[in-house]
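The primary structure of each chain is shown beneath.
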Amino acid sequence: MKTPVDLLIINAGQVATCASQDGPKRGPALRDPGLIDHGAVACKDGLIVDVGPTDALAARYQADETVDANGRAVIPGLVDPHTHVVYAGDRVGEFELRIQGASYMEIMAAGGGIVSTMKATRAASVEELVASALPRLDAMLALGTTTAEIKSGYGLETGAELRMLQAAAELDARHPMDIVPTFLGAHAVPPEYAGRTDDYANLVVEEMIPAAAAWYEGSDFAARGVPLFNDVFCEQNAFDVAQSRRVLEAGLARGLPVKAHVDEFTPLGGLSLAVELGAVSADHLDATTPEEGARLAASGTVGVVLPAVNFNLGSAHFADARSLIDAGAALALATDINPGSAPCPSMPLVMAMACRYQKLLPAEALNAATINAAHALALGDRIGSIEAGKQADLLILDAADYRHLAYEFGGNLVRTVIKRGRIVRRNGKI
Ligand code: NIG
Ligand code: FE
């Protein structure tokens, strides 16, 4: 008697499981994609029940639907652990200014940048925010992202920040992708607080974080054990280390785990702060010193690098992910999709850049975009690898070898997307 399952994928040329016994992958484990040749995956009730050789699984299971991968590679759904995908308006004008020589920080200091997106976002309703984000999530899903973090941070006042969080919740309910919310009230200082950063940090600590925590308690995220993170942009012209500490500690006091934007342009010491506070992830790391990199490597904090930002800003300098990995850090990749520093929905393109500019091997890029990215969201026990008991989030590639996902670029090798055991894109189509 065969065991009944909902979905059986057979004849994968290889299944790259990205399996990890405990915690995110580091060192030699990061170079291991966990390959099973001629593999198969069985799914039931939205979960993976078995993964192994096709012969064994075909003998063991009777499926409602069987998908023949015909020699193609099967990998875990990609996880994008750092996005600002909810926003209104765009910043295509700044793109032109940067081409003509203005820097990201100059544009921000002159009142453009994050603040210009803030103005459009404050004027948008939740429904408008959701409507503009949905096609971006569609593009991400088509490129293989099955779980994405979404930050607030373009409201910069309590009501607008809560509308952004509510938009993330509605996207989670309406789109096949799973969403993980992050509160980022300390993303920038709004114009009405210009020159009064401490006062704005007080507002974040005293009013916004309690409001965000209360919103979260009543949300579906809390009901399902999906965390609400608390994040800060620790940078010159944004928040210094002392202000960042206050913001992050206020979140911890309300049960919100820590994420932090650190060392994007200036090494202020934000990475050491993040590590000290037990951050789930510390992101950017472009200007990280070797001393602070060693602290990250010795910690449980996942380092997230965002090469689409450097590429988009026309920079030849990238975070030294190779040295961080060699020092023993748990490294993950993300798009940072946002209207200013990275209008990029594609995790495969990010993987392609990480291989070329940061010298990751394709296996390291794959683990960094799956299991380690899941750990950067504190969801490494649920998603990010193809292992029995995990959510059935799977991709079938238009290639027999997973390495093609980073080797080729500019197209889309994601053929079929399976989310919680359901085929949401089949053979490149909805
Ligand atoms: O991660 N660095 C700060 N925040 C974003 C940029 C947001 C924006 O420019 O709108 C980032 O790069
Ligand atoms: Fe960011």
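What counts and what doesn't
- Counting starts from 1 at the beginning of each chain's written sequence and moves along it residue by residue.
- Whichever chain is written first becomes A and whichever ligand is written first becomes 1, with later ones labelled in order.
- Note on the predicted model: pLDDT of at least 70 is required for a residue's local features to be given, and 80 or more for side-chain atom pairs to be given and counted; whole-chain, interface and lining totals, by contrast, use all residues.
- Each side-chain value is worked out from all heavy atoms of the structure, with water and hydrogens disregarded.
- Numbering of helices and strands starts at the N terminus; helices are DSSP runs of H or I of at least 4 residues and strands are runs of E of at least 2.
- Throughout, exposure labels follow a simple rule: accessible area from a 1.4 Å probe, protein chains only, divided by the maximum for the residue type, with under 20% read as buried, over 50% as exposed, and the rest as partly exposed.
- By the convention used here, residues are in contact when the closest approach between their heavy atoms is within 4.5 Å.
- Donor criterion used throughout: N, O or S atom within 2.8 Å of the metal, extended to 3.2 Å for Na, K and Ca. Water excluded; incomplete-looking sites may result.
- Fitted lines through C-alpha atoms serve as axes, helices being fitted only where they are in contact, and the angles separating the N-to-C directions of these axes extend from 0 to 180 degrees.
- Working rule for angles: under 35 degrees goes down as roughly parallel, over 145 as roughly antiparallel, 65 to 115 as roughly perpendicular, anything else as oblique.
- Left-handed describes a crossing whose near helix is turned anticlockwise from the far helix through less than a right angle; right-handed describes the clockwise counterpart.
- Polar here means any residue outside two lists: the nonpolar Ala, Val, Leu, Ile, Met, Phe, Trp, Tyr, Cys and Pro, and the charged Asp, Glu, Lys and Arg; Gly therefore counts as polar.
- The directions from the helix axis to the C-beta atoms are what the arc is built from.
- Pairing of aromatic rings covers Phe, Tyr and the six-membered ring of Trp, with a centre-to-centre limit of 6.5 Å; geometry is then stacked below 30 degrees between planes, edge-to-face above 60, and tilted otherwise.
- Distance and angle both matter: a charge sits over a ring if NZ of Lys or CZ of Arg is within 6 Å of the ring centre and within 35 degrees of the ring normal.
- Strand pairing is defined by DSSP finding a minimum of two bridges between the two strands.
- The set of buried Ala, Val, Leu, Ile, Met, Phe, Trp, Tyr and Cys residues whose side-chain atoms join them within 4.5 Å is what this entry labels a nonpolar core.
- Whether a residue is near a molecule or strand is decided by its heavy atoms; if any one of them lies within 4 Å of it, the residue is near.
- Polar contact is the term for a pair of N or O atoms within 3.5 Å; when the atoms are in protein, one must be able to donate a hydrogen and the other to accept it, and sequence-neighboring residues count only if both atoms are side-chain atoms.
- Working definition of accessibility: Shrake-Rupley area with a 1.4 Å probe, residue cover restricted to the visible protein chains.
- Each domain's limits were defined by an automated method or a database of domain assignments.
- Summed over both partners, the accessible surface that disappears when two parts come together, traced with a 1.4 Å probe, is what is meant by buried area.
- Salt bridge, as applied in this entry: a Lys or Arg side-chain nitrogen positioned within 4 Å of an Asp or Glu carboxyl oxygen.

(A) Up close: the environment of Pro 227. Tracing the sequence through the fold places Pro 227 in the loop between α9 (220-223) and β9 (229-232). A residue is classified by how much of its surface remains accessible, and Pro 227, at 12% relative accessible area, is buried. The spacing of Pro 227 and Pro 181 is 46 residues in sequence and 7.2 Å in space, taken between C-alpha atoms. Among all residues touching Pro 227, those that are not within four sequence positions of it are Val 180, Pro 181, Tyr 216, Pro 257, Leu 377 and Leu 379.

(B) Broad picture of the coordination of the iron ion (ligand 2). Within the protein, His 82 (NE2), His 84 (NE2), His 261 (NE2) and Asp 336 (OD) serve as the donor atoms for the iron ion (ligand 2), at 2.0 to 2.6 Å. Spacing between the donor residues of the iron ion (ligand 2) along the chain follows H-x1-H-x176-H-x74-D. Separated by 177 residues along the polypeptide, His 84 in the loop between β6 (78-80) and α3 (92-99) and His 261 in strand β10 (residues 259-262) bring together distant segments of the chain. The buried category is assigned to His 84, whose relative accessible area is 2%. Given a relative accessible area of 3%, His 261 falls into the buried group.

(C) Molecular detail of the packing of helix α6 (residues 126-142) against helix α7 (residues 158-174). The contact between α6 and α7 brings their axes to 9 Å, and the two run at 50 degrees. Taken together, α6 and α7 sit at an angle that is classed as oblique. Crossing angle aside, the handedness with which α6 passes α7 is right-handed. Within the contact between the two elements, α6 uses Val 126, Glu 127, Leu 129, Val 130, Ala 133, Leu 134 and Leu 137 and α7 uses Arg 163, Met 164, Gln 166, Ala 167, Glu 170, Leu 171 and Arg 174. Residues belonging to the contact of α6 with α7 are distributed by class as follows: nine nonpolar, one polar and four charged.

(D) A look at helix α5 (residues 114-122). Of all the residues in α5, the buried ones are Ile 114, Val 115, Thr 117, Met 118, Thr 121 and Arg 122. Along the long axis of α5, the arc covered by the buried residues comes to 155 degrees, so they all point the same way. On its buried face, α5 sits against α4 (104-109), α6 and α7.

(E) The arrangement of the packing of aromatic side chains in detail. Inspection of every chain in the model, using the stated rule, returns five aromatic pairs. Ring centres of Tyr 104 and Phe 265 lie 5.6 Å apart, and the angle between their planes is 25 degrees; this geometry places the pair in the stacked category. Of the two residues, Tyr 104 is situated in helix α4 and Phe 265 in the loop between β10 and α11 (270-276); the sequence distance between them amounts to 161 residues. Among the residues examined, Tyr 104 registers a relative accessible area of 10% and is labelled buried. Judged by centre distance (6.3 Å) and plane angle (55 degrees), the rings of Trp 215 and Phe 221 are tilted. Comparing Trp 215 with Phe 221 shows no difference in burial state: the two are buried. What links up through ring pairs into an aromatic cluster is the set Tyr 193, Tyr 200 and Phe 239. Lying over the aromatic face of Tyr 87, Arg 136 brings its terminal NZ or CZ to 3.6 Å of the ring centre. Here the basic side chain of Lys 259 rests over the ring of Phe 229, its NZ or CZ set 4.9 Å away from the ring centre.

(F) Broad picture of the pairing of strand β5 (residues 73-76). In the sheet, strand β1 (residues 3-16) pairs with β5 via two bridges, with the strands oriented parallel. Considered in β5, the bridge of Gln 14 is made with Ala 73.

(G) Seen up close, the nonpolar core. Ile 75, Leu 171, Tyr 200, Leu 333 and Met 351 are the most contacted members of the largest nonpolar core, which totals 127 residues. At nine residues, the largest contribution of residues to this core is made by helix α8 (residues 197-217). With near-sequence residues (within four places) excluded, Tyr 200 lies in contact with Leu 156, Gly 185, Ala 188, Val 189, Pro 190, Tyr 193, Met 208 and Phe 239.

(H) Expanded view of the site of ligand 1. As a structural note, the neighbourhood of ligand 1 is formed by 15 residues, with Tyr 104, Tyr 154, Glu 264, Asp 336 and Ser 341 the closest of them. In the model, an oxygen atom of ligand 1 is placed 3.3 Å from a nitrogen or oxygen of the His 84 side chain. Measuring from an oxygen atom of ligand 1, one finds a side-chain N or O atom of Arg 91 at 2.7 Å. Protein contact buries 100% of the 330 Å² of open area that ligand 1 shows by itself.

(I) Broad picture of the domain arrangement of the chain. Segmenting the chain into domains produces domain 1 (3-77 + 385-425) and domain 2 (78-375). The gap between the C-alpha centroids of domain 1 and domain 2 is 29 Å. Taken together, the contact pairs 36 residues of domain 1 with 37 residues of domain 2. Of the roughly 2800 Å² buried where domain 1 meets domain 2, counting both sides, 64% is carbon and sulfur surface. The salt bridge partner of Arg 420 is Asp 178, with a shortest N-O separation of 3.0 Å. Our count for the contact surface shared by domain 1 and domain 2 stands at 15 residue pairs in polar contact (both at pLDDT 80 or more).

(J) The arrangement of the environment of Phe 239 in detail. Considering the arrangement of structural elements, one finds Phe 239 in the loop between β9 and α10 (241-253). C-alpha separation for the pair Phe 239 and Thr 3, spaced 236 residues apart in sequence, amounts to 56 Å. When residues no more than four places from it in sequence are discounted, the contact partners of Phe 239 are Ala 186, His 187, Ala 188, Val 189, Thr 197, Tyr 200, Val 232, Phe 233, Cys 234, Ser 244 and Leu 268.

(K) Expanded view of the sheet that holds strand β7 (residues 145-151). Pairing is parallel in the open sheet, where four strands are placed in the order β6-β7-β8-β9. Two strands bound the open sheet, and with one partner strand each, they are β6 and β9. Each neighbouring strand pair of the sheet contributes to a mean axis angle of 25 degrees, computed without reference to strand direction. Against the sheet, helix α15 (residues 347-358) makes contact with β6 and β7, and its axis sits at roughly 85 degrees relative to β6, the strand it touches most.

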